[in-house]
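Examining the three-dimensional arrangement
One letter stands for each residue in the lines below.
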Amino acid sequence: MTKTFTVTSGPELRCKSWRAEALLRLLENVLAVGEDPDNLVVYAALGRAARDWPSHDAIVETLKTMEEDETLVVQSGKPIGVMKTHKQAPICVMANCNMVGQWAKAENFYEWEKENLICWGGLTAGDWQYIGSQGVIQGTYEIFCRIAERHFDSDLHGRFILTAGLGGMGGAQPLAGRMANAATLCIEIDPERIKKRMEIGFLEVEAKDLDEALDMIQKAMAEKKPISVGLCGNAAEIYPEILARDIIPDIVTDQTSAHDLVYGYIPHTRSLEEARSLREDHKDILMKEGQASIVNHVTAMLGFQERGSVVFDNGNLIRTHAKNGGVEDAFNIPVFTEAFLRPLFCRAIGPYRWIALSNDPEDIRKIDDYLLERFPDNKIVTNWIALARENVPFEGLPARIAWLGHGERTDLALAVNDMVKSGHLSGPVAFTRDHLDAGGMAHPNIMTENMRDGSDAIADWPLLNAMMSCSSMADLVAIHSGGGGYSGYMTSAGITVVADGSDEAAERLQHSITNDTSLGVMRYADAGYEEATDEVAKKGIRHIAL
Ligand code: NAD
């Protein structure tokens, strides 16, 4: 029997508190908007919402029956037990996919996953915080805007963005490119993904072949009209082909699931079906051919860079695999975080999200109104909210993302809690953020590459973040490390806090959200970034500078 994946609406509680009900709705939501919910996969090839279906069902049952002064403990997507704590302790704590240093390798992960000992939670899949492709969209849009400011007089009209991958995260690229007014071509090997992004309105048109795709792009460039075009094909073949035709895009990146050579990236030597059939028993073939394919892919990206394109790594380890495959200068391509976003992270400005648990889109619109009124001088926010309202369709539970910083996030959460209390909103709202945030992540090839003090690979920060979030009464706290191709490459922490309109919720929001961003600013101040020390001084953050 095929399962159906829907989200729950309205005021009826199936659990004994809104805090548990919120987590249950968020779990349902990540599956409803996920890429392959039948296999519990939310995004990034293997990022799962739970270890397996029995684990999922036991989590659901526990959330329904547990008391508010108890805490559910989850280990790599499997519920381990319920413990008596107290009403201000998290409802759920999780540790997902954390392997001991020398053992944290893709090969071990695949083996242990097969034995059902471990599962990878991605960043926001295993802790039920994913909100569909919209979750990454402002980040992608901000990157395009920063590139526009730096290289194109703040205007991407008539500019060509070449990228690949239309999956759970990459699917945001065509819409972000369109919102930034560019002509965006996205190469994707799986026709179903192209179809899905068109159905939800993130991608406008599909071209039948490269000639047609380039014609559409060049016509839109000449008319200075934004367009997003999808093309079914392998990026490792099509990037070199575009370069060989001497067509040089203005901006080049990639968001295929290059991090995972077995379950993610499709080598150009195999069809999609062939690659899938090799996954169980011939991982070595896929790893070898995937790496060779990425060598072609990144060599073409470097070729574009040499010819003047602005090229950047969009957080998928593609440079790492290329370098391992012999492309010595792969790291000449900068990573997006260091190149464009670090000054924002220094002030703990990052991808903050809120989700209307009522399933009522009006709640999100009312929160938009509050933000526009409360922060009229914050152009990143006002510009974004106006654009998002018009262009970003809701997927699953209505949700919004905005890059807010220290103080602003707490302000919004408390105001929303008041709106829930007064009945202005039709139900509670969950606040969360991406793990890729100031205090939440150590990821030396993505988030923390080239830190000023050399602390790229030190994972104390996300662990401190999780401990502080528990001490600060967040409703869900998770520690994640990389699985699949990310094994051994990262550790991160995530939090969710529920604004249910109660005074206790106000206390939880006040402490957990403020302390989350405080630690983020301290992390960058500690690494010697002036923007962070400035924020410490301006906002009265009690950083101990030694
Ligand atoms: P996904 O697995 O949902 O989608 C990846 C897509 O790439 C799939 O649709 C797949 O068919 C396609 N693909 C694979 N090989 C291809 C090839 N050779 N040519 C063309 N298409 C190919 O993954 P996702 O959630 O979209 O994430 C993509 C990558 O971005 C992952 O590595 C992920 O970890 C990373 N990521 C980055 C950020 C960020 O903030 N920049 C955030 C989340 C994820």
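Looking at empty space enclosed by the protein
All chains considered together, the criterion is met by 1 cavity of 30 Å³ or more. One number sums up the size of the largest cavity: a volume of about 40 Å³. Around the largest cavity, the lining residues are Tyr-352, Phe-431, Thr-432, Arg-433, Ile-495, Val-497, Ile-513 and Asp-516. Taken together, the elements giving at least two residues each to the lining of the largest cavity come down to strand 14 (429-433), strand 17 (491-499) and helix 17 (503-526). Top contributing element to the lining of the largest cavity by residue count: strand 14, with 3 residues.

Here's the deal with the packing of helix 1 (residues 18-32) against helix 2 (residues 53-65)
In the contact formed by helix 1 and helix 2, the axes pass within 8 Å of each other and the chain directions differ by 150°. Here helix 2 runs roughly antiparallel to helix 1, going by the angle between their axes. Between helix 1 and helix 2 lies a crossing whose hand is left-handed. The residues of helix 2 that touch helix 1, namely those facing Ala-20, Leu-23, Leu-24, Leu-27 and Leu-31, are Trp-53, His-56, Ile-59, Val-60, Leu-63 and Lys-64. Residue classes in the contact of helix 1 with helix 2 are distributed as 9 nonpolar, 1 polar and 1 charged.

Comments concerning the pairing of strand 9 (residues 227-232)
The two faces of a sheet get side chains in turn, since along a regular strand they alternate between them. Burial of strand 9 is extensive: 5 of the 6 residues sit out of reach of the surface. The pairing of strand 7 (residues 183-188) with strand 9 spans 6 bridges and is parallel. Along strand 9, the bridge assignment pairs Leu-185 with Val-229. In terms of strand pairing, strand 8 (residues 205-207) meets strand 9 through 3 bridges, oriented parallel. Within strand 9, the position partnered with Glu-206 by the bridge is Gly-230. Considered for its hand, the β-α-β crossover made up of strand 8, helix 7 (residues 210-222) and strand 9 is right-handed.

Considerations on the pattern of salt bridges
Summed over the entire model, instances satisfying the criterion amount to 43 salt bridges. Residue Glu-530 pairs with Arg-452 through a salt bridge whose shortest N-O separation is 3.0 Å. Residue Glu-530 is found in helix 18 (residues 530-539), and its partner Arg-452 is found in the loop between strand 15 (441-442) and helix 16 (460-471); the two are separated by 78 residues along the sequence. Under the relative-accessibility criterion, Arg-452 is labelled partly exposed at 48%. Residue Arg-508 pairs with Asp-475 through a salt bridge whose shortest N-O separation is 3.4 Å. Of the two residues, Arg-508 sits in helix 17 while Asp-475 sits in the loop between helix 16 and strand 16 (476-481), which places them 33 residues apart along the sequence.

A few points about the nonpolar core
Ranked by size, the top nonpolar core spans 138 residues in total, and within it Leu-63, Trp-128, Trp-354, Trp-384, Val-416 and Phe-431 carry the most contacts. Looking at this core element by element, the count peaks at 9 residues for helix 1. Both domain 1 (1-32 + 50-120 + 351-546) and domain 2 (135-334) contribute no fewer than three residues apiece to this core. Not counting residues within four places of it along the chain, the set of residues in contact with Trp-384 comprises Ile-137, Gln-138, Tyr-141, Met-179, Lys-379, Val-392, Ile-401 and Ala-402.

Here we look at unusual backbone geometry
For Ser-76, which is not a glycine, the phi torsion comes out positive at approximately 40°. Even without being glycine, Asn-116 reaches a positive phi, approximately 60°. Looking at the secondary structure, you find Asn-116 in the loop between helix 3 (106-114) and helix 4 (134-151).

Thresholds, definitions, all that
Residues numbered from 1 in each chain as written. Predicted model: local features only at pLDDT ≥ 70, side-chain atom pairs only at ≥ 80, totals over all residues. Heavy atoms only, no water. 1 Å grid on protein atoms, 1.4 Å probe; cavity = no way out; pocket = protein on both sides within 12 Å on 5 of 7 lines; lining within 4 Å. Points joined across faces, edges and corners; volume = space filled by probe spheres on them. Helix = DSSP H or I, 4+ residues; strand = E, 2+ residues; numbered from the N terminus. Axes fitted to C-alpha atoms, helices over the stretch in contact; angles between N-to-C directions. Parallel < 35°, antiparallel > 145°, perpendicular 65-115°, else oblique. Left-handed = near helix turned anticlockwise from the far one by under 90°. Contact = heavy atoms within 4.5 Å. Nonpolar A, V, L, I, M, F, W, Y, C, P; charged D, E, K, R; others polar. Buried < 20%, exposed > 50% of the residue type's maximum accessible area, 1.4 Å probe, protein only. Pairing = 2+ DSSP bridges. Right-handed = clockwise from strand over helix to strand, strands pointing away. Salt bridge = Lys/Arg side-chain N within 4 Å of Asp/Glu carboxyl O. Core = buried A, V, L, I, M, F, W, Y, C linked by side-chain atoms within 4.5 Å. Domains from an automatic or database assignment.

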